[in-house]
Amino acid sequence: MRIISKIGTLLIVALSWSLALAEPLLFMSDEESKLVLRSAKKRKAESHSNGTVKLSGILYIDEDNWTVWIDGMPYSSIGQKDEFSIDEVTEDSVSLTMQDGSTINMSVNHNDA
């Protein structure tokens, strides 16, 4: 009886492993990862080529501790980025200088009800 029990256990373990291996993996291959990064860079370049940037949010603690989300990317420091420079961040606005020298002041809409 003990041998049958061990064989049953081994079959259950083998079946579990085969099912686990049949499931899609949560990790991308190197090639898939490169494809996603290329796509994201292309989308970002297209967004900036028409001169538009979008402020998604501001997490402001104080003048030295903040994060802003511009075009879906988080930034936490003043200075030059890829396509623009972050000049100033306040509780509800961000000041940027674009590559062409133009300045943009953006704010997050507040719905005070």
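Residues numbered from 1 in each chain as written. Predicted model: local features only at pLDDT ≥ 70, side-chain atom pairs only at ≥ 80, totals over all residues. Heavy atoms only, no water.

Colleague: Let's hear about the overall build of the chain: which residues, and what values?
Modeller: Looking only at helices and strands, the chain has two helices and seven strands in total. Shown N-terminal to C-terminal, the secondary structure of the chain runs as helices and strands in the order α-α-β-β-β-β-β-β-β. With 113 residues in all, the chain has 19% of them scored as buried. Surface exposure of the chain reaches about 9,000 Å², of which carbon and sulfur atoms provide 58%. (Helix = DSSP H or I, 4+ residues; strand = E, 2+ residues; numbered from the N terminus. Buried < 20%, exposed > 50% of the residue type's maximum accessible area, 1.4 Å probe, protein only. Areas by Shrake-Rupley, 256 points an atom, 1.4 Å probe, with all protein chains shown as cover.)

Colleague: Could you give an account of the side chain of Ser85, naming the residues involved and the relevant values?
Modeller: Along the chain, Ser85 falls in strand S5 (residues 84–89). Only 3.3 Å separates the side chain of Ser85 from the side chain of Asp87, close enough to count as a polar contact. If sequence neighbours within four positions are ignored, Ser85 has contacts with Gly79, Gln80, Ser95, Leu96 and Thr97. (Polar contact = N/O pair within 3.5 Å; in protein donor to acceptor, adjacent residues only side chain to side chain. Contact = heavy atoms within 4.5 Å.)

Colleague: I'd like to hear about the packing of aromatic side chains, residue by residue, with values.
Modeller: For the structure shown, the criterion picks out one aromatic pair. Taking the centre distance of 5.5 Å and the plane angle of 80° together, the rings of Tyr75 and Phe84 count as edge-to-face. Accessibility expressed as a relative area gives 11% for Tyr75, which makes it buried. A relative accessible area of 1% places Phe84 in the buried class. (Phe/Tyr/Trp six-rings, centres within 6.5 Å; stacked < 30°, edge-to-face > 60°.)

Colleague: Run through the nonpolar core, naming residues and quoting values.
Modeller: By size, the foremost hydrophobic cluster in this structure holds 14 residues, and its most contacted members are Val68, Ile70, Phe84, Ile86, Val94 and Leu96. Listed by contribution, the elements that provide at least two residues to this core are strand S1 (55–62), strand S2 (65–70), S5 and strand S6 (93–98). What Ile70 contacts, discounting residues up to four positions off in sequence, is Val53, Lys54, Leu55, Tyr75, Phe84, Ile86, Val94 and Leu96. (Core = buried A, V, L, I, M, F, W, Y, C linked by side-chain atoms within 4.5 Å.)

Colleague: Could you give an account of the confidence of the model for the chain, with specific residues and numbers?
Modeller: Chain-level pLDDT for the chain is 76 on average; 62% of the residues reach the 70-or-more range. Taken element by element, the chain is modelled with least confidence in helix H1 (residues 2–22), mean pLDDT 56, and with most confidence in S5, mean pLDDT 94. (pLDDT = per-residue confidence, 0-100.)

Colleague: Outline the environment of Asp87, listing residues and values.
Modeller: Examined against the element boundaries, Asp87 turns out to sit in strand S5. Taking C-alpha positions, Asp87 is 6.9 Å from Thr97, a pair spaced ten residues apart along the chain. For Asp87, the residues in contact, after removing those within four places along its chain, are Ile78, Ser95, Leu96 and Thr97.

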